[in-house]
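Breakdown of the fold
Residue-level listing of the chains:
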Amino acid sequence: MKRTVGVSAVSGDQILSRPDPSQAQIERHDWSDLGARIASGLVLAGTGIVAAYFGGPWLAGVCGAAVVAMSYEWARMSEPEHVFPAFMFVLAGSLGAVMFSSWQHLNLAVGWMFLCAIVSGFRRRTLIGFLETAGGAIYIGLPCAIFLWLRDRGPEGLETILALFAMIWAADIFAYFGGKLIGGPKVAVGLSPNKTWSGIVSGTAAGALAGYGCGYLFHTTSELRVAWLLIGAIVAFTGLMGDLFESFLKRRFGVKDASRLIPGHGGVLDRIDSLMSATLLVGAALAFGPRATALLFGSGL
């Protein structure tokens, strides 16, 4: 049965029903968006590195701008008939979380974000609607707040962010090219017809090597470099699963891309979904092991 494609009256995006394997095969060999992907990727990467280096209000400003875009994308996906109120509630929760976290008050950030999420959710009349609306502020705000918290964590904050960038970007790049060039069995055709196991394996391996490279650059011992190798693989795999989860959300809402803000990538949510999920993992790990970064970066030896 062929996939049918419609057009959203609200956003103009494609509405997906059932994936067509033959169409996915054609898209796998389509490189027409490669130039736009590379150009926009370099701009975003450069912006992220500069903002992370300077930190403080610079990084908070970039996170705030990303939150505005992602809040709009979430609102137009989850409540296309009530975009404005959905956008305002999600924005209030997630942007407030970014502000509190930039002032180094992560607990207040989480509390404010959940409060706005719950208040916004009560606008919906069903449990599913409540979860969709309330989940937006949490899905967007929590990773951004933790990302800022990671940057401000002790003397290794910048190194933590740069290592996270390296592992996630390596995973994203090699997963894309691995899937395009190798192809093979699909991970979950019902969620994303183009994601393959070859892409997952390529991305995970690339993240592991990036992690090992971080251990080498930070002048750690050979034992710690093995730890960095494993960390890179785990972080990369988590990021790729975050990308798959984003595909699930888009399939749930019936859209192909979160928006068309970034040439070749779709929306901001489409572009940083891997980084968001990996940030949650790293944040949770460091919350339970606060001295881990000092050891991994060599300052705790």
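Residues numbered from 1 in each chain as written. Predicted model: local features only at pLDDT ≥ 70, side-chain atom pairs only at ≥ 80, totals over all residues. Heavy atoms only, no water.

1. Regarding the overall build of the protein chain
The test is simple: Strands are runs of DSSP state E lasting at least 2 residues, helices are runs of H or I lasting at least 4, and numbering of each runs from the N terminus. For each residue, the accessible area found with a 1.4 Å probe, counting protein chains only, is set against the maximum for its type, and the residue is called buried under 20%, exposed over 50%, and partly exposed in between. We call two residues in contact whenever any of their non-hydrogen atoms come within 4.5 Å of each other.
Summing up its helical and strand segments, the protein chain has 11 helices and 4 strands in all. Evaluated residue by residue, the protein chain yields a buried proportion of 48% over its 301 residues. Long-range contacts, defined as pairs at least 24 residues apart, comprise 69% of the intrachain contacts of the protein chain with a sequence gap of at least 6.

2. What about the pattern of salt bridges?
Spelled out, the test is: Here, a salt bridge means any side-chain nitrogen of Lys or Arg that lies within 4 Å of a carboxyl oxygen of Asp or Glu.
Taken as a whole, this structure holds 8 salt bridges when the rule is applied. Between R124 and E79 there is a salt bridge; the shortest N-O distance is 3.7 Å. In this pair, R124 is assigned in the loop between α5 (106–121) and α6 (127–151) and E79 in the loop between α3 (56–78) and α4 (83–102), connecting sequence segments 45 residues apart. On the basis of relative accessibility, which here comes to 5%, the residue E79 falls in the buried class. The partner of E132 in a salt bridge is R252, and the shortest N-O contact between them spans 2.6 Å. In this pair, E132 sits in helix α6 while R252 sits in helix α9 (residues 222–253), placing the two residues 120 residues apart along the sequence. On the accessibility criterion, R252 (43% relative accessible area) is partly exposed. What you see here is one network of salt bridges that share partners, running through E79, R123, R124, E132 and R252.

3. Topic: the confidence of the model for the protein chain
Put simply, the rule reads: By definition, pLDDT measures how confident the predictor is in each residue, and it falls between 0 and 100.
This prediction gives the protein chain a mean pLDDT of 87; 88% of its residues lie at or above 70. The element-level mean pLDDT for the protein chain is lowest in strand β1 (residues 5–7), coming to 42, with helix α8 (residues 197–217) highest at 96. Segment residues 1–19 is flagged for pLDDT under 50; beyond a separation of four residues in sequence, or across chains, it makes 48 contacts in the model.

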